[in-house]
Amino acid sequence: MVDMSNVELKIENIVASVDLFAPLDLEKVIEICPHSKYNPEEFPGIICRFDEPKVALLVFSSGKLVVTGAKSVEDIKAAVSKLVEMLSKIGTKFTREPEIDIQNMVFSGDLKMEFNLDAVALVLPNCEYEPEQFPGVIYRVKDPRAVILLFSSGKIVCSGAKSEHDAWEAVKKLLHELDKYGLIEEEEL
């Protein structure tokens with residue numbers, strides 16, 4: 001099996017959907033959300049930005065949210081707690097604890113080896129490579145669902161994973177496939 005000890009993965013962004021289980025009066029919410037924007041003719045929710053944790057929240061009258069820009073699941077939980085505390089102060093009643101559902105995690109990484117992308121695209125299944133349009137191979141992993149962009153430098157971007165574990169599993173599958181088809185050079189950088 002391929003050595004994973006040199007592989008680096010770093011969370012770049014996490015997107016989560018959240019249900020607060022409470023209808024919201026957006027006219028009141030806009031007054032308590034710092035760094036926010038609300039124009040119902042353009043978009044049906046409030047775009048609210050927190051500095052700590054550094055995230056953006058899309059807040060809808062249904063009590064549903066989208067949280068984006070987080071670097072950890074803890075950041076999402078902290079942002080939701082902060083918003084719930086703010087909403088409680090304006091009289092919002094919650095019927096239960098918020099439900100957070102991770103939709104997408106984006107990781108950047110480095111496999112610490114170089115690749116001939118023409119060769120990779122010729123033999124690796126489940127991939128696309130159009131160098132005139134995009135300088136990387138697009139590799140699709142079915143289980144766990146993820147898309148990995150592989151560049152000739154060995155740098156990768158993994159998107160679509162629902163957890164850090166899933167991202168690592170997807171990268172393992174990519175490396176296994178690269179190894180299986182003889183696309184990994186023995187000499188590492």
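Along each chain, numbering runs from 1 in the same order as the chain's sequence is written. Given that the model is predicted, a residue must reach a pLDDT of at least 70 before its local features are reported, and side-chain atom pairs must reach 80 or more before they are shown or counted; all residues, however, enter totals for whole chains, interfaces and linings. Heavy atoms throughout the structure, all of them, feed into the side-chain values; hydrogens and water do not.

A. Representation of helix α2 (residues 73-89). Only DSSP runs of H or I with at least four residues qualify as helices, and only runs of E with at least two residues qualify as strands; both kinds are numbered from the N terminus onward. Here the expected length of a helix is defined as 1.5 Å per residue gap, with one fewer gap than residues. With 17 residues, α2 extends 25 Å from end C-alpha to end C-alpha; this agrees with the ideal 24 Å at 1.5 Å per step. When a residue's accessible area, from a 1.4 Å probe over protein chains only, is under 20% of the maximum for its type it is buried; when over 50% it is exposed; and in between it is partly exposed. Along α2, the residues that are buried comprise I76, A79, V80, L83, V84, M86 and L87. Down the axis of α2, the buried set is contained in an arc of 165°. They therefore lie on one face. Residues of α2 that are exposed and point more than 90 degrees away from the buried face comprise E74, E85 and K89. Any two residues whose heavy atoms approach within 4.5 Å are treated as being in contact. The inward-facing, buried residues of α2 contact β1 (8-19), α1 (26-32), β3 (45-50), β4 (55-60), β5 (64-70) and β6 (99-110). G91 sits one or two positions beyond α2 and adopts a positive phi of about 90°. The arc in question is formed by the directions pointing from the helix axis toward the C-beta atoms.

B. Geometry of the pairing of strand β8 (residues 137-141). Where burial is concerned, the two faces of β8 differ: the one with V137, Y139 and V141 is buried and the one with I138 and R140 is not. Summarising the sheet, β8 and strand β9 (residues 146-150) pair through five bridges and their orientation is antiparallel. If you follow I138 over to β9, its bridge partner there is L149. Linking β8 to β9, which pair antiparallel, is a turn of four residues. Strands qualify as paired when DSSP identifies two bridges or more between them.

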